[in-house]
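# Report on the structure
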Amino acid sequence: QAKNEGKNSYRLVGIQTHEMAGDRLAWQTRLRRALEQGEILPYYQGIFDTEYGTLAGLEVLARWQSPTDGLIMPGQFIPLAEESGLIKRLGEQILRQACTQGAAWLAEGLEVGLLSINVSAHQLHDKGFLETVERVLEQTGFPAERLDLELSEAIWVEGRESVIDSLTRLRAMGIRVSIDDFGTKYASLAYLRHLPVDRIKIDKSFMDDIPGSDITSAIVSAIMTMATSIGLEVVAEGIENQSQLDFMNGAGCRLIQGYLYGRPQAAEAVPALSRRADFRGNSRFGVVDHER
Ligand code: C2E
Ligand code: MG
Ligand code: MG
Ligand code: MG
């Protein structure tokens, strides 16, 4: 099922963009029903510490498992969920499923690191959001310290004061905050210094230009240096090949996510991933230990 993800999504792209444009309301109804039927599921993609060779965490990525259309990718339904207001319910369902799963893994003694959940600006700006997160953590028993919320740079567009207030309160609960797709929109590093944020994820579009473009390489190196100096963790997302990995490791980035190490997969695939624990980067960080 996980292996077919790419294929299915490509097959669906043409059909869906067309159908959605023609009949948004029908799609909203379908999505609402899918949420009721439990067809929206979390998939998990590893974030690896390439210095220690361990699984540092999992990004939780929503998938719509439709009985009629197969696996539908978030690009096809997250925007729809956002504009129809269904994102609130979708976000809570994903959070609840992931935290339930995460608590079960912990109970089995499985080390999966942090769970990183994507949160839309709509969700963060919703008055009930903090209470929802608090309630889900309480009900599932998943530790707040292991939860990381990924927010896109777009959250700064609306009311900075209220965003800062929400993030401060989340962090006071022990939850970590990451800025997703960093470098694509508004947030500057100078500004981040004053924000309640733990981590940035450098957007995949930068990786696409590495190692080819000198300018991109220089920008990424500068981001690394500055982020590290103000105490922010950095994750490189969208690492697909060894030269991108070598470049990021060389720039001092050890947290790596991308197809090179693995695609998002259903929960059943995670235990094997966690036990493998041999995810080293280049020789600077040591040799891959195949025996573990
Ligand atoms: P994102 O948060 O930036 O997630 C990373 C995306 O890059 C994922 O796409 C992932 O599958 C993909 N990716 C990871 N490594 C590679 C790589 O090496 N190469 C390439 N080409 N792609 C890679 P996905 O799963 O299609 O999700 C797309 C976006 O949908 C996410 O971007 C996120 O913004 C949003 N999303 C997904 N799940 C949720 C959710 O539960 N809630 C909300 N609000 N948004 C979600
Ligand atoms: Mg993300
Ligand atoms: Mg991202
Ligand atoms: Mg991205």
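What counts, and where the lines are drawn
Residues numbered from 1 in each chain as written. Chains lettered and ligands numbered in written order. Predicted model: local features only at pLDDT ≥ 70, side-chain atom pairs only at ≥ 80, totals over all residues. Heavy atoms only, no water. Near = heavy atom within 4 Å. Polar contact = N/O pair within 3.5 Å; in protein donor to acceptor, adjacent residues only side chain to side chain. Areas by Shrake-Rupley, 256 points an atom, 1.4 Å probe, with all protein chains shown as cover. Donors = N, O, S within 2.8 Å, 3.2 Å for Na, K, Ca; no water. Helix = DSSP H or I, 4+ residues; strand = E, 2+ residues; numbered from the N terminus. Buried < 20%, exposed > 50% of the residue type's maximum accessible area, 1.4 Å probe, protein only. Contact = heavy atoms within 4.5 Å. Core = buried A, V, L, I, M, F, W, Y, C linked by side-chain atoms within 4.5 Å. Salt bridge = Lys/Arg side-chain N within 4 Å of Asp/Glu carboxyl O. pLDDT = per-residue confidence, 0-100.

Taking an unreviewed UniProt entry as the reference, the chain is identified by name as EAL domain-containing protein belonging to Natronospirillum operosum.

## Topic: the site of ligand 1
Around ligand 1, the structure places 24 residues, and the nearest of them are Asn-118, Ser-120, Asp-180, Glu-240 and Tyr-259. Ala-62 is positioned such that a nitrogen or oxygen atom in its backbone is 3.0 Å from a nitrogen atom of ligand 1. In this structure, an oxygen atom belonging to ligand 1 sits 2.8 Å away from a side-chain N or O atom of Asp-180. For ligand 1, the accessible surface in isolation is 800 Å², of which the surrounding protein chains cover 81%.

## A short note on the coordination of the magnesium ion (ligand 3)
At this site the magnesium ion (ligand 3) is bound by Asp-180 (OD), Asp-181 (OD) and Glu-237 (OE), with donor distances of 2.0 to 2.7 Å. Spacing between the donor residues of the magnesium ion (ligand 3) along the chain follows D-D-x55-E. In this model, the magnesium ion (ligand 3) sits 3.5 Å from the magnesium ion (ligand 2), the two metals being bridged by Asp-180. One end of the pair, Asp-180, is in strand 6 (residues 176-182); the other, Glu-237, is in the loop between strand 8 (233-236) and helix 11 (242-250), with 57 residues separating them in the sequence. One exposure class covers both Asp-180 and Glu-237, and it is buried.

## Considering the coordination of the magnesium ion (ligand 4)
Taken together, the protein ligands of the magnesium ion (ligand 4) are Asp-181 (OD) and Glu-237 (OE), with distances of 2.2 to 2.7 Å. A separation of 5.9 Å is found between the magnesium ion (ligand 4) and the magnesium ion (ligand 2). Taken together, the residues span a long stretch of sequence, with Asp-181 in strand 6 and Glu-237 in the loop between strand 8 and helix 11 at a distance of 56 residues. Its relative accessible area of 26% is what places Asp-181 among the partly exposed residues.

## Quick notes on the environment of Glu-145
The residue Glu-145 is located in the loop between helix 6 (129-140) and strand 5 (147-152) in this model. Between the C-alpha atoms of Glu-145 and Arg-176, which are 31 residues apart in sequence, the distance is 7.1 Å. When neighbours within four sequence positions are excluded, Glu-145 is seen to be in contact with Leu-114, Met-173, Gly-174 and Arg-176.

## Some details on the nonpolar core
The nonpolar side chains of a soluble globular protein tend to be buried with one another. One finds Ile-40, Leu-167, Ile-200 and Met-248 to be the most contacted residues of the largest nonpolar core, which totals 75 residues. Tallying contributions element by element places helix 4 (residues 87-107) first for this core, with 8 residues. The residues touching Met-248, leaving out its near neighbours within four places in the chain, are Ile-202, Met-207, Ile-210, Val-220, Met-224, Ala-236, Ile-239, Cys-253 and Ile-256.

## A closer look at the pattern of salt bridges
Within this structure, the stated rule accounts for 18 salt bridges. Arg-30 is the salt-bridge partner of Asp-69, the closest N and O atoms lying 3.0 Å from each other. You can see Asp-69 sitting in the loop between strand 2 (54-66) and strand 3 (70-72) and its partner Arg-30 sitting in helix 2 (residues 24-37), a full 39 residues away along the chain. With a closest N to O distance of 2.8 Å, Arg-254 and Asp-49 form a salt bridge. Of the two residues, Arg-254 is situated in the loop between helix 11 and strand 9 (255-256) and Asp-49 in strand 1 (residues 40-49); the sequence distance between them amounts to 205 residues. In the salt-bridge network here, residues are joined through shared partners; they are Asp-148, Arg-176, Arg-199 and Glu-233.

## Brief notes about the side chain of Arg-199
Among the secondary structure elements, Arg-199 is positioned in strand 7 (residues 199-202). Only 2.9 Å separates the side chain of Arg-199 from the side chain of Glu-233, close enough to count as a polar contact. Those residues in contact with Arg-199 that lie beyond four places of it in its chain are Ile-47, Leu-114, Ser-116, Asp-148, Arg-176, Val-177, Ser-178, Ile-179, Leu-232, Glu-233, Val-235 and Leu-255.

## Overview of the confidence of the model for the chain
With 85% of its residues at a pLDDT of at least 70, the chain reaches an overall mean of 87. Of the regions scoring below 50 in pLDDT, residues 1-15 engages in 19 contacts with residues more than four places distant in sequence or in other chains. The low-confidence segment residues 282-292, where pLDDT is below 50, has 19 contacts with residues more than four positions distant or belonging to other chains. Here the complex is predicted with pTM 0.90, and the ipTM for its interfaces comes to 0.98.

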